[in-house]
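# Overview (structure and organization)
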Amino acid sequence: QVQLVESGGGLEQAGGSLRLSCAASGSTFNNYLMGWFRQAPGKEREFVAAVSWNTGTTYYADFVKGRFTISRDNDKKTVYLQMNSLKPEDTAVYYCAARGSWISTWSSARVYEYWGQGTQVTVSS
């Protein structure tokens with residue numbers, strides 16, 4: 001059983017930065033896959049980034065590469081999403097997700113077992 005709690009969202013101007021945090025409990029995450037997704041009103045949930053807890057290998061959606069960075073802190077059992085050069089189109093609710101094993105289809109929301117409640121990110125123009 002895994003519990004995920006996101007934080008760090010808020011209002012930021014275009015070009016600014018935010019760091020989202022996902023605090024995990026209930027698991028050691030030895031072989032877990034951790035992902036960030038986002039969903040804007042009226043749009044489908046889309047993949048943002050993922051990281052393998054075991055290997056540290058990262059995966060990114062094309063539209064965030066070079067701007068966002070996913071990382072994890074083993075001691076704090078926390079996954080981060082550093083977001084730089086924010087754009088208004090980044091406005092969405094951001095969700096943290098976890099899966100108990102690595103899978104090649106890491107960009108699909110369907111494969112993740114656990115989800116946080118989401119944190120709102122709003123970027124003004």
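A short tour of the structure in this document, coming up. Just so you know, these numbers come straight off a predicted model, no measurement behind them.

What counts, and where the lines are drawn
Residues numbered from 1 in each chain as written. Predicted model: local features only at pLDDT ≥ 70, side-chain atom pairs only at ≥ 80, totals over all residues. Heavy atoms only, no water. Helix = DSSP H or I, 4+ residues; strand = E, 2+ residues; numbered from the N terminus. Buried < 20%, exposed > 50% of the residue type's maximum accessible area, 1.4 Å probe, protein only. Lys, Arg positive; Asp, Glu negative; His and termini not counted. Salt bridge = Lys/Arg side-chain N within 4 Å of Asp/Glu carboxyl O. Polar contact = N/O pair within 3.5 Å; in protein donor to acceptor, adjacent residues only side chain to side chain. Contact = heavy atoms within 4.5 Å.

### Considerations on the side chain of glutamate 6
Within the element layout of this structure, glutamate 6 appears in strand 1 (residues 3–7). The side chain of glutamate 6 is buried and forms no salt bridge, while arginine 45, the nearest opposite charge, is found at 7.7 Å. A distance of 2.7 Å separates a polar atom in the side chain of glutamate 6 from the backbone nitrogen of cysteine 96. A distance of 2.9 Å separates a polar side-chain atom of glutamate 6 from the backbone nitrogen of glutamine 117. Here glutamate 6 is in contact with Ser21, Cys22, Trp36, Tyr94, Tyr95, Cys96, Gly116, Gln117, Gly118 and Thr119, once residues within four sequence places are set aside.

### Topic: the environment of glutamate 12
Inspection of the secondary structure puts glutamate 12 in strand 2 (residues 10–13). On a C-alpha basis, the gap between glutamate 12 and threonine 122 in space is 6.3 Å, while along the polypeptide they are 110 residues apart. Sequence-distant contacts of glutamate 12, defined by excluding residues within four places in its chain, comprise Ser17, Leu18, Leu86, Thr122, Val123 and Ser124.

### A word on the pattern of salt bridges
Taken as a whole, this structure holds three salt bridges when the rule is applied. Here glutamate 46 ties to arginine 38 by a salt bridge, and the two come within 2.7 Å at their closest N and O atoms. Of the residues examined, glutamate 46 reaches a relative accessible area of 31% and is grouped as partly exposed. Aspartate 90 serves as the salt-bridge partner of arginine 67, at 2.8 Å between the closest nitrogen and oxygen. Taken together, the residues arginine 67 in the loop between strand 6 (58–60) and strand 7 (68–73) and aspartate 90 in the loop between strand 8 (78–83) and strand 9 (92–99) connect sequence positions 23 residues apart. Taking the relative accessible area as the measure of exposure, arginine 67 reaches 10% and is therefore buried. Within the structure, one salt-bridge network assembled from shared partners comprises Arg38, Glu46, Arg67 and Asp90.

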